[in-house]
Amino acid sequence: MRRRLIRIALILLLFPPLLAAVAGWLAGPMFLHPIRRELTPDLLREADASFAVTGASREDFDVRAVDGALLRGWKVRPKNPNGNWVLLFHGVADNRVGVIGPSEFLLRAGYSVVMMDARAHGMSGGPIATYGWLEQKDTRAVIDALLASERDNGRIRQQCKEPPHLLGIAPSARPRLHLFAFGESMGAGIVLQSAAADPRIEAVVAEAPFANLREAAYDYAGLRKYPWLGKTLFAPFTWTLLYRDKKLAGLPVAEVSPQKAVAARAFPVLLICDEKDEALPCRHSESIYAAARGPKQLWVVPGAFHTAALGFQPEEFRRRVLSLFSAYGSAP
């Protein structure tokens, strides 16, 4: 009887980790190939209706990534542009229309925006999503293309009536375009890693970012409610998922880390944490905040769930984001 009880106890103890390991192994490919949300005619009409309210105009903006993937998106200009641009980054299994909310108040404030489908999302190409590893290179390609197209169209130009050298203005002091970025969830993690790699991004707003891939996987292993469970009984899910992704795609798991990114380069960042977020709890933003070397703010939004801060605190959300961009957009 005693041996039977011991056998049952061992089965009960070992079965959940074994099941978690199998689930992680099976989920590995899905992690690299998230559900693709297509840009449907209905979504297109929704976006155009939003732009019409602010008097903004959009144009298609396609960029070729360094690995040959075609990244597709829009450049959207406000009715009265202030000369500065904001790159908008959407979450996983979404597309560019997912950040239509932030685009509305940014356009009203005079900021032009770039809204791209991330690789392996929406209408963009790319065989896999890598959560920042390849996407930071995509961001660099987008910035290169944006600056080149604006320069070719004569939109980046000296605002003085006389040539700068006749006015005694040094080249480094000439007026220039300021570039900022906003991202949510996966997009927040991508933009933090992109800003660390490309100093042309001057300030970042990141809502609900992940600290690193391993910590995010622990939350999913814990059924998005019990991180402790994901780090203990169901931890094999994370181990096998990340191991298989590393083998399938050569994904350097340890290097996909917004937490490391903010420690690598000191840039201004506003981190927005949704208090009731179960997908990426506040501990992720708190870890990033602790590691950040540049000017930093952490705003915990009471009652908000994942990426819902704008809906819960719209006025304060707009004020904080615009204050950050305004502070650095007016700098020489």
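Residues numbered from 1 in each chain as written. Predicted model: local features only at pLDDT ≥ 70, side-chain atom pairs only at ≥ 80, totals over all residues. Heavy atoms only, no water.

Let's talk about the overall build of the protein chain
- When its secondary structure is counted, the protein chain shows 13 helices and eight strands.
- For the protein chain, buried positions account for 49% of its 332 residues.
- Expressed as a percentage of contacts within the protein chain between residues at least 6 apart in sequence, the contacts between residues at least 24 apart total 73%.
- Total accessible area on the protein chain is roughly 15,800 Å²; 59% of this is exposed by carbon and sulfur atoms. (Helix = DSSP H or I, 4+ residues; strand = E, 2+ residues; numbered from the N terminus. Buried < 20%, exposed > 50% of the residue type's maximum accessible area, 1.4 Å probe, protein only. Contact = heavy atoms within 4.5 Å. Areas by Shrake-Rupley, 256 points an atom, 1.4 Å probe, with all protein chains shown as cover.)

Here we look at the nonpolar core
- Leu87, Val114, Val142, Leu192 and Val204 are the most contacted members of the largest nonpolar core, which has 55 residues in total.
- The dominant element in this core, judged by the number of residues it contributes, is helix H6 (residues 186–197), at six residues.
- Core analysis: the second largest hydrophobic core is formed by 32 residues, Ala56, Trp74, Met115 and Trp299 among them. (Core = buried A, V, L, I, M, F, W, Y, C linked by side-chain atoms within 4.5 Å.)

Concerning the sheet that holds strand E1 (residues 57–64)
- In spatial order, the strands read E1-E2-E4-E3-E5-E6-E7-E8; together these eight strands make up an open sheet with mixed pairing. Each edge of the open sheet carries a strand with a single partner, namely E1 and strand E8 (296–301). In this sheet, neighbouring strand axes are inclined to one another by 20° on average, regardless of whether the strands run parallel or antiparallel.
- Sheet topology note: the strand E7 (residues 269–274)/E8 ladder contains six bridges and is parallel. Bridge pairing in E8 links Leu270 to Gln297.
- Helix H4 (residues 135–152) rests against E1, strand E2 (70–77), strand E3 (85–89), strand E4 (112–116) and strand E5 (179–184) of the sheet, and its axis sits at about 125° to E1.
- Across the face of the sheet, helix H13 (residues 314–329) comes into contact with E3, E5, strand E6 (203–207), E7 and E8 while running at roughly 160° to E6. (Pairing = 2+ DSSP bridges. Axes fitted to C-alpha atoms, helices over the stretch in contact; angles between N-to-C directions.)

Re the pairing of E1
- The pairing of E1 with E2 spans eight bridges and is antiparallel. The partner of Arg64 across the bridge, within E2, is Leu70.

Focus on the pattern of salt bridges
- Within this structure, the stated rule accounts for 22 salt bridges.
- One salt bridge in this structure joins Asp144 and Arg200, with 2.7 Å as the shortest N-O distance. Of this pair, Asp144 sits in helix H4 while Arg200 is found in the loop between H6 and E6, placing the two residues 56 residues apart along the sequence.
- Through salt bridges with shared partners, a single network forms among Glu59, Lys75, Arg77 and Glu150. (Salt bridge = Lys/Arg side-chain N within 4 Å of Asp/Glu carboxyl O.)

Considerations on the state of the cysteines
- Applying the stated criterion across every chain yields a total of one disulfide.
- Cys273 shares a disulfide with Cys282; S-S distance 1.5 Å. Residues Cys273 and Cys282 are joined by a disulfide whose S-S torsion is about -75°; by sign, that bridge is left-handed. For the pair Cys273 and Cys282, one class covers both residues: buried. (Disulfide = S-S within 2.5 Å.)

Things to note about H6
- Its twelve residues give H6 an end-to-end C-alpha distance of 17 Å, which sits within 8% of 16 Å, the value for a rise of 1.5 Å per residue.
- Burial analysis of H6 places ten of its twelve residues in the buried class, the great majority of the element. (Expected span 1.5 Å × (residues − 1).)

Examining the packing of aromatic side chains
- Under the criterion given, the structure shown has ten aromatic pairs.
- Arranged with centres 6.0 Å apart and planes meeting at 80°, the rings of Phe105 and Phe317 form a pair that is edge-to-face. With Phe105 in helix H3 (residues 100–108) and Phe317 in helix H13, the pair connects residues that are 212 residues apart, well separated along the chain.
- Residue Phe105 is classed as buried on the basis of its relative accessible area of 6%.
- You can call Phe317 buried: its relative accessible area is 1%.
- In textbook terms, an aromatic cluster arises when at least three aromatic residues are bridged by ring pairs, as seen for Phe105, Phe182, Trp299 and Phe317.
- If you follow Arg96 out to its NZ or CZ, it ends over the ring of Trp74, 4.7 Å from the centre. (Phe/Tyr/Trp six-rings, centres within 6.5 Å; stacked < 30°, edge-to-face > 60°. Lys NZ or Arg CZ within 6 Å of the ring centre and 35° of its normal.)

Structural notes on the side chain of Ser112
- Within the secondary structure, Ser112 sits in strand E4.
- For Ser112, a relative accessible area of 3% corresponds to the buried category.
- Ignoring any residue separated from it by four or fewer positions in sequence, one finds Ser112 in contact with Val76, Arg77, Pro78, Pro81, Asn84, Trp85 and Val86.

Describing the side chain of Thr54
- If you trace the backbone, Thr54 turns up in helix H2 (residues 41–54).
- Thr54 sits in the buried class, given a relative accessible area of 13%.
- Apart from the residues within four sequence positions on either side, Thr54 is in contact with Lys79, Glu104, Leu107 and Arg108.

As for the environment of Ile201
- Positionally, Ile201 belongs in the loop between H6 and E6.
- For Ile201, a relative accessible area of 0% corresponds to the buried category.

Looking at the confidence of the model for the protein chain
- Taken as a whole, the protein chain shows an average pLDDT of 90; of its residues, 88% reach a score of 70 or greater.
- Below a pLDDT of 50 lies the segment residues 157–175, which in the model reaches ten contacts outside its immediate sequence neighbourhood of four places, other chains included. (pLDDT = per-residue confidence, 0-100.)

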